[in-house]
Amino acid sequence: MIYYLKQFLKLWLLSVLFWTIAFSLFIFIRFVAYGEEQEAVQIINGNTSDVFSWLHFGIILGVLIGTIYTIIEFVFERIITKSIYLGLSILFKTIIYLFVLLFSFLFIIELAEIEMDIDLVNDIYWWFDNGIFWVVISYFFMSSLIFQFIKLANEKFGRGVLINMLTGKYRKPVEEKRLFMFIDLKSSTTIAENLGHFKYSHLLQDCFFDLNKIIGRYNAEVYQYVGDEAVLTWNYDKGIKNLRCIDVYFDFQKVLEKRSKYYLKHYKINPFFKAGVHGGKLIVTEVGTQKKELAYHGDVINTTSRIQDTCNKYNAFFLMSQDVIKDINLNSRYLSKEIGDLLLKGKKDRLKIYSINKM
């Protein structure tokens, strides 16, 4: 509950900031650019006023629209989006926003009449043939598309990645220390054979949807999905802080257990995932032109994958390298057990591996 509240407040702050700037900018442009030609600006029905007297209405409108926008986005993201197509979701939200904007305008007009002692057109159909209103609607529609584009791009690339790509941080290869987790569905081949590829695909959709519901709590980023496997990554220090790289796995398993009735009903199984964790220095860079994305190059990726592959051999579900174990404090919540110095597939040097279990 605390996590969702934080997510809501974060989205609310960003939405209010965006819409306050958007509407204040619109008011300012109307006064400065349009007003210079006519020495006065016609607002709604020809009344004039000083720009600064109107800017605070942009702030009020920004807070109002931003708050409603946040509620709608939050409800769609948590409840509705999974059940409908992305295009349909955007269409529904846009229609709702237009109705919200209409009623918000009525509120702002009444407030302006009271505070500024002016008489504005506010009959029930004032907006139908009002040019200014339709200009605002068009502006709002474009601003809404921009905001949703930024939000979708952020979800596509991962939090913070879009900004780094826009600023060219990874235009040239950059060395970073990162932590990786490879998380893979146990007995995936058998499950796929029993379910068939279509139903198996739905199973993975549900599992990764459940995974995505909780990774934000632990500052994890999804690097990629490969078949029945998800690859999570962190900045190294953020990943080991407060045992995030361990908690995220056990929290995911807890979510799957809570939804066991759903999985048994639809797939006749309780999905279980095994994981491997390793970290170290590697290269981060942009790749591609037709489909640009961030890529991680280095031995850390291959080693983490090999650690996860080792789970079945030692009948373990969560393995971690000694390189990471030595940097974290498991405290009283978790217990580590040495598996041994292993020569992982494709590796020249041995690596000490530990299994992690709850106390």
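Residues numbered from 1 in each chain as written. Predicted model: local features only at pLDDT ≥ 70, side-chain atom pairs only at ≥ 80, totals over all residues. Heavy atoms only, no water.

Student: How should I be thinking about the pairing of strand 8 (residues 351–358) in this particular structure?
Tutor: Side-chain direction in a regular strand flips from residue to residue, so the side chains alternate between the two faces of the sheet. By the bridge criterion, 3 bridges tie strand 6 (residues 318–321) to strand 8 in an arrangement that is antiparallel. In the sheet register, Met320 faces strand 8, and the bridge partner there is Tyr354. Both strand 7 (residues 334–342) and strand 8 contribute to a ladder of 8 bridges, which runs antiparallel. In the sheet register, Asp341 faces strand 8, and the bridge partner there is Lys352. (Pairing = 2+ DSSP bridges. Helix = DSSP H or I, 4+ residues; strand = E, 2+ residues; numbered from the N terminus.)

Student: Explanation requested: the packing of aromatic side chains in the structure shown.
Tutor: Across all of its chains, the model carries 22 aromatic pairs by this definition. Between Phe18 and Trp19, the aromatic rings sit 5.1 Å apart at their centres with planes inclined by 90°, giving edge-to-face as the arrangement. Pairwise contacts between aromatic rings join Tyr249, Phe250, Phe272, Phe317, Phe318 and Tyr334 into one cluster. The residue whose ring lies beneath Lys177 is Tyr236, and the NZ or CZ to ring-centre distance is 4.3 Å. One cation-aromatic arrangement involves Arg259 over Tyr262; the distance from NZ or CZ to the ring centre is 4.2 Å. (Phe/Tyr/Trp six-rings, centres within 6.5 Å; stacked < 30°, edge-to-face > 60°. Lys NZ or Arg CZ within 6 Å of the ring centre and 35° of its normal.)

Student: Is there a simple way to explain unusual backbone geometry in this structure?
Tutor: Where the residue is not glycine, phi is negative for most of them; where a peptide bond is considered, it is trans in most cases. Even without glycine at this site, Asn219 takes up a positive phi of about 55°. Within the element layout of this structure, Asn219 appears in the loop between helix 7 (197–215) and strand 2 (221–226).

Student: What exactly am I supposed to notice about the pairing of strand 4 (residues 273–287) here?
Tutor: Counting buried residues in strand 4 gives 12 out of 15 residues, a clear majority hidden from the surface. Examined bridge by bridge, strand 1 (residues 174–185) and strand 4 share 12 bridges and lie antiparallel to one another. Note on strand 4: the bridge partner recorded for Phe182 is Gly276. Across 3 bridges, the pairing between strand 4 and strand 6 is parallel. Following the sheet pairing, Gly276 is matched in strand 6 by Leu319. For strand 4 and strand 5 (residues 293–297), the ladder comprises 5 bridges, and the chain directions are antiparallel. (Buried < 20%, exposed > 50% of the residue type's maximum accessible area, 1.4 Å probe, protein only.)

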